[in-house]
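# Commentary on secondary and tertiary structure
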Amino acid sequence: MLYGVSIDGKSYRLELSCTNSRWSCHIEGREVELEVVLVRPDVLSLRVGNLAYEVKSERVANDLQLWVGDNRFVVEVRDPRSLRSRSRAADDHGPRKITAPMPGKVVRLLVHEGEDVEAGAGIAVVEAMKMQNEIKSPKKGTVQKLLVSEGAPVNAGDILAIVE
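Criteria and thresholds
- Residues numbered from 1 in each chain as written.
- Predicted model: local features only at pLDDT ≥ 70, side-chain atom pairs only at ≥ 80, totals over all residues.
- Heavy atoms only, no water.
- Pairing = 2+ DSSP bridges.
- Helix = DSSP H or I, 4+ residues; strand = E, 2+ residues; numbered from the N terminus.
- Salt bridge = Lys/Arg side-chain N within 4 Å of Asp/Glu carboxyl O.
- Buried < 20%, exposed > 50% of the residue type's maximum accessible area, 1.4 Å probe, protein only.

### As for the sheet that holds strand 10 (residues 104-109)
- Reading across the sheet, the 4 strands line up as 13-12-10-15 and stay open at both edges, with antiparallel pairing between neighbours. Of all strands in the sheet, those with a lone pairing partner are strand 13 (131-136) and strand 15 (153-154), marking the two edges.
- As paired elements, strand 10 and strand 15 share 2 bridges and run antiparallel to each other. Note on strand 15: the bridge partner recorded for Lys105 is Pro153.

As structure tokens, this is what we get:
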């Protein structure tokens, strides 16, 4: 299978194949032998040569983030067979609306208008059912507009901020 992969904005061509639970990976034409074990959902044990890694994945807004040890990487995987991946690439440019994932109350704003943010940086904290949820930026950019204030009630889908 052939994929386009972007890691922190740098693009790679990745080709994967599996034989007898042993993965072969070609990155930019260079072959790498891998052993991969699914430890639990969203966590892989990955062995590359004599080195072992624990790789954790999480979705932050619309972005996929991989944690390898203490290092975080923003990753996009494009499958040329998928129409969804083609529209996703165009979606990364321009302003992105950050919405409330659930109804609740904004208890804290973590940024100000005009502030630069990294992908995955906290934008606001929304309290729902006595749980505080940090709402994160889906991309690196500048906070163009904050559409809520601390203490404001929000519904699921309400726009909290715009990052461009």
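From this point, the narrative continues.
### Remarks on the pattern of salt bridges
- Applying the stated rule across the entire model yields 2 salt bridges.
- We note a salt bridge from Glu35 to Arg47, for which the minimum N-O separation is 2.5 Å. Here the residue Glu35 occupies a position in strand 4 (residues 30-40), and Arg47 occupies one in strand 5 (residues 43-48), the gap between them amounting to 12 residues.
- On the basis of relative accessibility, which here comes to 30%, the residue Glu35 falls in the partly exposed class.
- Relative accessible area serves as the criterion here: at 34%, Arg47 is assigned to the partly exposed category.
- Between Lys56 and Glu54 there is a salt bridge whose closest N-O contact spans 3.6 Å.
- Glu54 sits in the partly exposed class, given a relative accessible area of 42%.

### Observations concerning the sheet that holds strand 16 (residues 159-163)
- On the basis of which strands lie adjacent, the open sheet formed by 4 strands has the order 9-16-14-11 and antiparallel pairing. The strands lining the two open edges of the sheet, one partner per strand, are strand 9 (96-99) and strand 11 (116-117).
- In the sheet, strand 9 pairs with strand 16 via 4 bridges, with the strands oriented antiparallel. When the bridges of strand 16 are listed, Arg96 appears paired with Val163.

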